[in-house]
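Understanding the architecture of this molecule
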Amino acid sequence: MEIASITSNPRTVEEIFKDYNARRTGIVRALTYDVDEFYALCDPEKENLCLYGHPNESWEVTLPAEEVPPELPEPALGINFARDGMNRKDWLSLVAVHSDSWLLSVAFYFGARLNRNERKRLFSMINDLPTVFEVVAERKPLKDKPSADGGSKSRLGTKRSSDGQVKNSSKLTDDSYGEDEDEHSETLCGSCGGNYNADEFWIGCDICERWFHGKCVKITPAKAESIKQYKCPSCSLKRGKQ
């Protein structure tokens, strides 16, 4: 694992949050877009396995650290043993809850040397993101999800209708833009789980109707102009298997 030295390199609030967010992104990916691969790796016939999120936004299912005590707090042990004894969605939700606990424990392990106000600020930054459980269990409701003919949730986003025309929601007045901002304040990226930001380009999937940061699905505004019907990576994969 890519672990920075704790004693020789004290971490700032921003650095710890960046580490938390990267690990969280990896775990969210494991439990959503890479879920079939993750499920297969959690073979109950294998030894105790853990799900790790790494600082480079990757994830890994592997054995726990051998050293005692480990350099960092360890994730829940033996997640693979419960896999076949539970409903798949319930099992993924359980892993998500344990992953949230692990992510917090790692962040506050790094943050043990912060002062009270810094720890409060760190938790506030973390708490602004939906938990892994909320993303996986879809407990974070999308408020007034845009329809295909309602356009994008931001001035920079695009949404395509079945006829292939781009639907833009460019707000020409401050009042209407303010309403648009509030209307979609709880919309989450289907890839990273991040909150809606009016200054970023978003694109909506015409199949599952979820919304994504353009950067998360590698779609630029220019590229979106040439797409008649956008299918997110998950829907594209499902269509390919049919």
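Scoring rules and cut-offs
Residues numbered from 1 in each chain as written. Predicted model: local features only at pLDDT ≥ 70, side-chain atom pairs only at ≥ 80, totals over all residues. Heavy atoms only, no water. Axes fitted to C-alpha atoms, helices over the stretch in contact; angles between N-to-C directions. Helix = DSSP H or I, 4+ residues; strand = E, 2+ residues; numbered from the N terminus. Parallel < 35°, antiparallel > 145°, perpendicular 65-115°, else oblique. Left-handed = near helix turned anticlockwise from the far one by under 90°. Contact = heavy atoms within 4.5 Å. Nonpolar A, V, L, I, M, F, W, Y, C, P; charged D, E, K, R; others polar. Phe/Tyr/Trp six-rings, centres within 6.5 Å; stacked < 30°, edge-to-face > 60°. Buried < 20%, exposed > 50% of the residue type's maximum accessible area, 1.4 Å probe, protein only. Lys NZ or Arg CZ within 6 Å of the ring centre and 35° of its normal. pLDDT = per-residue confidence, 0-100. 1 Å grid on protein atoms, 1.4 Å probe; cavity = no way out; pocket = protein on both sides within 12 Å on 5 of 7 lines; lining within 4 Å. Points joined across faces, edges and corners; volume = space filled by probe spheres on them.

1. A few points about the packing of helix 1 (residues 13-31) against helix 4 (residues 116-127)
For the pair helix 1 and helix 4, interaxial distance at closest approach is 10 Å and the crossing angle is 30 degrees. Here helix 1 is positioned roughly parallel relative to helix 4, judged by the angle of their axes. In this structure, the crossing between helix 1 and helix 4 has a hand that is right-handed. Contacts between helix 1 and helix 4 involve Val13, Glu14, Ile16, Phe17 and Tyr20 on the former and, on the latter, Glu118, Arg121, Leu122, Met125 and Ile126. Residues of the contact of helix 1 with helix 4, tallied by class, amount to seven nonpolar, no polar and three charged.

2. Quick notes on the packing of aromatic side chains
In total, this model carries eight aromatic pairs according to the counting rule given. For the pair Phe38 and Trp59, a centre-to-centre distance of 6.0 Å together with 80 degrees between the ring planes defines the contact as edge-to-face. Within this pair, whereas Phe38 is found in helix 2 (residues 35-41), its partner Trp59 is found in strand 2 (residues 59-62), the two being separated by 21 residues in sequence. Ring centres 6.0 Å apart and planes at 90 degrees place the aromatic pair Tyr52 and Trp102 in the edge-to-face group. Taken together, the residues span a long stretch of sequence, with Tyr52 in strand 1 (residues 50-53) and Trp102 in helix 3 (residues 88-110) at a distance of 50 residues. Each member of the pair, Tyr52 together with Trp102, is buried. Grouped by ring-pair contacts, the aromatic residues Phe38, Tyr39, Trp59 and Trp91 constitute a single cluster. If you follow Arg83 out to its NZ or CZ, it ends over the ring of Tyr39, 4.5 Å from the centre. Positioned over the ring face of Tyr39 is Arg88, at 4.6 Å from the centre of the ring.

3. Here we look at the confidence of the model for the chain
Looking at the chain, the pLDDT average stands at 77 and 74% of residues meet or exceed 70. Every residue in residues 1-8 scores below 50 in pLDDT, and together they form 15 contacts with partners more than four places removed in sequence or on other chains. This model gives residues 141-183 a pLDDT under 50, and the stretch forms 95 contacts once residues within four places in sequence are excluded.

4. What to know about unusual backbone geometry
Residues other than glycine predominantly adopt negative phi, and peptide bonds predominantly adopt the trans conformation. Along the chain, Val68 connects to Pro69 via a cis peptide bond; the corresponding omega equals -10 degrees. Here Pro69 is to be found in the loop between strand 2 and helix 3. The backbone of Glu57 sits at a positive phi, close to 70 degrees, despite the residue not being glycine. Within the secondary structure, Glu57 is located in the loop between strand 1 and strand 2. Judged by relative accessible area, which is 37%, Glu57 ranks as partly exposed. The phi torsion at Lys218 lies on the positive side, around 60 degrees, for a residue other than glycine. Secondary-structure assignment places Lys218 in the loop between strand 6 (211-213) and helix 7 (221-224).

5. Remarks on empty space enclosed by the protein
Here the structure, examined in full by the defined rule, presents one cavity of 30 Å³ or more. If you add up the space inside the largest cavity, you get close to 50 Å³. In this structure, the largest cavity is lined by Leu51, Pro75, Ala76, Ile79, Val95, His98, Ser99 and Trp102. Tallied by class, residues from the lining of the largest cavity come to six nonpolar, two polar and no charged.

6. Focus on the layout of surface pockets
Here the second largest pocket is characterised by a volume of approximately 410 Å³. In terms of lining, the second largest pocket is formed by 18 residues, of which the most central are Asn21, Thr25, Cys192, Gly194 and His213. Top element by residues in the lining of the second largest pocket is helix 1. It accounts for five residues. Here the lining of the second largest pocket is composed, by residue class, of five nonpolar, six polar and seven charged.

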